[in-house]
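So you can see what is in the structure, the chains are spelled out below.
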Amino acid sequence: MSIVPISENDQPEELDPKRPEDFTALVKLHHSDLLVYGQALARDSATARDIVQEAFIVAYEKVHTFDVTRDFATWMRGIVRNKWREWLRKNKKYDLSDNEVARIDADVAAWQANHAAAGSPLFSALEDCLDKLPETLRETVDAFYYEGRTGDEVSEVLGVAPAAIRKRLQRARTLLKQCLDSKLEPEEES
Amino acid sequence: MTPLPDSENTVESGERFINAALQEHARNGCGSDDELVHRILSETVNKSELRVRTERPRLDRKTMFVGSVAVAALLALTVLILSSLPFSGERGTDEFFLSVDAANAGSIDDTFLPGLQKRVTITAQPFEGTVDPVSSASQLDTIELSAGSDLQFLEPFSPSLETFPTRSERQRSFRISADKIDRSGDSIYYTGNVVVEHDEFRIEAEDVTVHRDGSDRPQVLANIVRVEQPTVNRSVIARSLTFDPVAVEMRLTGVYQFSAGTGQHDLELGDTLVLTASAYTVENPKSFEYATPSPDSSN
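It should be emphasised that the depicted structure is a prediction, and the values quoted were computed from it without experimental measurement.

## Focus: the overall build of chain B
(1) Moving on: Secondary structure summary: chain B contains six helices and eleven strands in total.
(2) Moving on: For chain B, long-range pairs separated by at least 24 residues make up 49% of all intrachain contacts whose partners lie at least 6 apart in sequence.
(3) Moving on: Within the structure as shown, chain B displays about 15,400 Å² of accessible surface, and the carbon and sulfur contribution to it stands at 53%.

Here you go:
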């Protein structure tokens with residue numbers, strides 16, 4: 001897995017979350033990546049949105065404690081993580097191991113850094129990678145994720161055994177992840 | 001903690017990220033989640049300093065008593081001052097009338113929100129500017145029909161209350177009044193004691209935004225809301241609400257209190273309460289299936 005380390009230089013210097021207009025810009029810049037983070041942790045879109053909203057509210061209320069020399073995205077992920085843990089405690093949901101959380105955190109961190117530094121958002125890269133999937137994998141991904149079908153329904157629609165559908169989706173996710181990671185590699189100067 | 005099902009425990013942790021990215025991309029595409037951004041900004045940088053938060057600190061009895069006396073005195077003084085002034089507090093009001101065609105879609109006239117696409121014609125535009133409530137009746141008389149081939153009115157609209165839409169169309173109208181109205185681009189922001197009135201319900205909110213949501217349907221977003229549906233004896237207090245005026249459907253999140261006829265109902269973080277004129281449902285976070293069509297198929 002290639003991960004671009006977050007450095008202080010990755011965050012545009014002019015964005016200071018203590019300034020309302022900059023906080024607004026930071027919300028717009030980071031909310032999508034944080035939604036992915038919340039979704040990966042909580043596995044539910046509505047919960048992820050609640051968690052991200054609560055996290056930004058907490059961040060705004062405590063913005064005076066934010067050290068401007070630190071990375072805003074890292075700070076926000078920490079708050080999202082805390083909010084997710086609160087949600088876990090209240091709802092007695094499944095937990096993730098520290099390693100799993102760290103892995104998810106690293107993936108999102110890499111894209112937040114890339115987004116902030118190069119203006120290259122995750123979803124644009126994802127669309128590029130989806131276009132490169134083999135047809136059989138693409139139709140499976142489309143049916144499962146974009147048409148909202150269950151695994152059984154995908155199996156029925158495509159006329160493929162459920163086990164094969166599962167394999168296809170796993171393979172598609174692996175390829176997409178590799179493709180996304182490759183887009184994080186620094187581009188060679190021409 | 002409830003352990004993950006076996007089928008999910010085997011999923012590589014690296015897949016959770018790409019899985020979440022796919023789900024979010026499927027939900028919202030490449031664009032930003034405008035509704036979420038709006039909610040966040042409403043609760044942070046755009047939050048009026050005068051807004052009263054719903055989470056109030058607990059006060060002891062003495063403090064409450066002293067505070068109550070002080071507030072009562074202040075209110076009395078305020079009423080006295082206001083009554084001596086030559087005007088009373090005027091609130092702006094916008095009234096929206098929607099006419100829906102067979103395609104079951106609706107939008108606000110593009111003379112009002114220029115960026116909206118139209119599949120349906122709205123029959124009247126909201127009043128421009130702040131309206132004196134005293135003269136609102138006469139304002140109704142000045143509503144102009146926006147021309148369109150798919151108008152649903154049986155008769156040409158004329159400046160008369162008698163030619164208002166039929167009963168079913170009247171249900172698609174609603175009125176928003178607030179202390180302050182700001183119009184900006186594709187959105188209208190209502191702040192300060194906002195009241196949304198509809199045939200089927202009444203919403204009180206700290207702020208309301210009417211804007212386009214990227215599709216062709218107008219969206220009404222509200223924060224810190226109380227919803228009353230007197231005809232079905234329902235009452236909700238929630239952090240945020242999305243109202244689809246065409247479908248007459250409300251989606252509420254952050255529900256603090258919900259009572260419906262038989263009593264109180266508890267909702268959890270992440271639950272979405274969906275209210276329509278006649279029914280309600282609670283959408284719970286779904287346990288995500290990691291491409292596991294059937295749990296035993298892996299054997």
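## Let's talk about helix α4 (residues 98–118) of chain A
In an α-helix, one turn spans 3.6 residues, which is why side chains three or four residues apart end up on the same side.
All names here are of chain A.
(1) Moving on: In this model, α4 (21 residues) spans 29 Å end to end at C-alpha, consistent with the 30 Å of a helix rising 1.5 Å per residue.
(2) Moving on: By the criterion of burial, α4 is predominantly enclosed, with 15 of the 21 residues buried.
(3) Moving on: Two residues or fewer past α4, G119 is found with a positive phi of approximately 65°.

## Re the environment of A:L180
(1) Moving on: Position of A:L180 among the secondary structure elements: in helix α8 (residues 162–184).
(2) Moving on: Here A:L180 falls in the buried class, since its relative accessible area comes to 0%.
(3) Moving on: Not counting residues within four places of it along the chain, the set of residues in contact with A:L180 comprises A:W111, A:L122, A:A125, A:L126, A:C129, B:F17 and B:I18.

## Some words on the state of the cysteines
Residues and elements named next belong to chain A.
(1) Moving on: Summed over all chains, the structure comprises one disulfide over all chains.
(2) Moving on: Here C129 is linked by a disulfide to C179, with a sulfur-sulfur distance of 2.1 Å. On the S-S bond that ties C129 to C179, the torsion sits near -85°, and the link is left-handed. Residue C129 is located in helix α5 (residues 122–131), and its partner C179 is located in helix α8; the two are separated by 50 residues in the primary sequence.

## Describing the confidence of the model for chain A
Residues and elements named next belong to chain A.
(1) Moving on: A residue-level look at chain A finds 88% of positions with pLDDT of 70 or above and a mean pLDDT of 84.
(2) Moving on: Across chain A, the secondary-structure element scoring lowest on mean pLDDT is α4, at 83, and the one scoring highest is helix α6 (residues 135–146), at 94.
(3) Moving on: Under a pLDDT of 50 for its full length, residues 1–11 has, in the predicted model, 27 contacts with residues more than four places off or in other chains.

## Things to note about the pairing of strand β9 (residues 249–260) of chain B
All names here are of chain B.
(1) Moving on: Relative to β9, strand β8 (residues 234–244) runs antiparallel, the two sharing ten bridges. Of the residues in β9, the one forming a bridge with R234 is A260.
(2) Moving on: Here β8 folds back onto β9 in antiparallel fashion, the turn holding four residues, of which V248 has a positive phi close to 50°.

## Section: the nonpolar core
(1) Moving on: Residues A:F56, A:W84, A:L126 and A:L180 are the most contacted members of the largest nonpolar core, which totals 65 residues.
(2) Moving on: In terms of residue count, helix α1 (residues 20–42) of chain A provides more of this core than any other element does, eleven residues in total.
(3) Moving on: Core analysis: the next-biggest nonpolar cluster, separate from the first, contains 31 residues, B:A222, B:V225, B:V236 and B:L273 among them.

## Notes on the environment of A:T47
Residues and elements named next belong to chain A.
(1) Moving on: Position of T47 relative to the elements: it lies in helix α2 (residues 45–61).
(2) Moving on: T47 sits in the buried class, given a relative accessible area of 0%.
(3) Moving on: Note: C-alpha distance between T47 and W87 (40 residues apart in sequence) is 8.7 Å.

## A word on the interface of chain B and chain A
(1) Moving on: In this assembly, 52 residues from chain B lie in contact with 64 residues from chain A.
(2) Moving on: When chain B packs against chain A, the two sides together hide about 5,400 Å² of surface, and 63% of this comes from carbon and sulfur.
(3) Moving on: The interface formed by chain B and chain A contains five salt bridges.
(4) Moving on: Between A:E54 and B:R239 there is a salt bridge, and its shortest N-O distance comes to 2.9 Å.
(5) Moving on: Applying the counting criterion to the chain B and chain A interface returns eleven residue pairs in polar contact (both at pLDDT 80 or more).
(6) Moving on: Ranked by the residues each element gives to the side of chain B that touches chain A, the list is headed by helix α2 (residues 13–28) of chain B, at 15 residues.

## Regarding the packing of aromatic side chains
All names here are of chain A.
(1) Moving on: Going through the model one piece at a time under the given rule, you end up with nine aromatic pairs over all chains.
(2) Moving on: Note on F72 and W75: the rings are 6.0 Å apart at their centroids and 55° apart in plane angle, and the pair reads as tilted. Of this pair, F72 and W75 both sit in helix α3 (residues 72–91), separated by three residues, roughly a single helical turn.
(3) Moving on: Judged by its relative accessible area of 0%, F72 is buried.
(4) Moving on: Of the residues examined, W75 reaches a relative accessible area of 11% and is grouped as buried.

About the thresholds
Residues numbered from 1 in each chain as written. Chains lettered and ligands numbered in written order. Predicted model: local features only at pLDDT ≥ 70, side-chain atom pairs only at ≥ 80, totals over all residues. Heavy atoms only, no water. Helix = DSSP H or I, 4+ residues; strand = E, 2+ residues; numbered from the N terminus. Contact = heavy atoms within 4.5 Å. Areas by Shrake-Rupley, 256 points an atom, 1.4 Å probe, with all protein chains shown as cover. Expected span 1.5 Å × (residues − 1). Buried < 20%, exposed > 50% of the residue type's maximum accessible area, 1.4 Å probe, protein only. Disulfide = S-S within 2.5 Å. pLDDT = per-residue confidence, 0-100. Pairing = 2+ DSSP bridges. Core = buried A, V, L, I, M, F, W, Y, C linked by side-chain atoms within 4.5 Å. Buried area = accessible area lost by both parts, 1.4 Å probe. Salt bridge = Lys/Arg side-chain N within 4 Å of Asp/Glu carboxyl O. Polar contact = N/O pair within 3.5 Å; in protein donor to acceptor, adjacent residues only side chain to side chain. Phe/Tyr/Trp six-rings, centres within 6.5 Å; stacked < 30°, edge-to-face > 60°.

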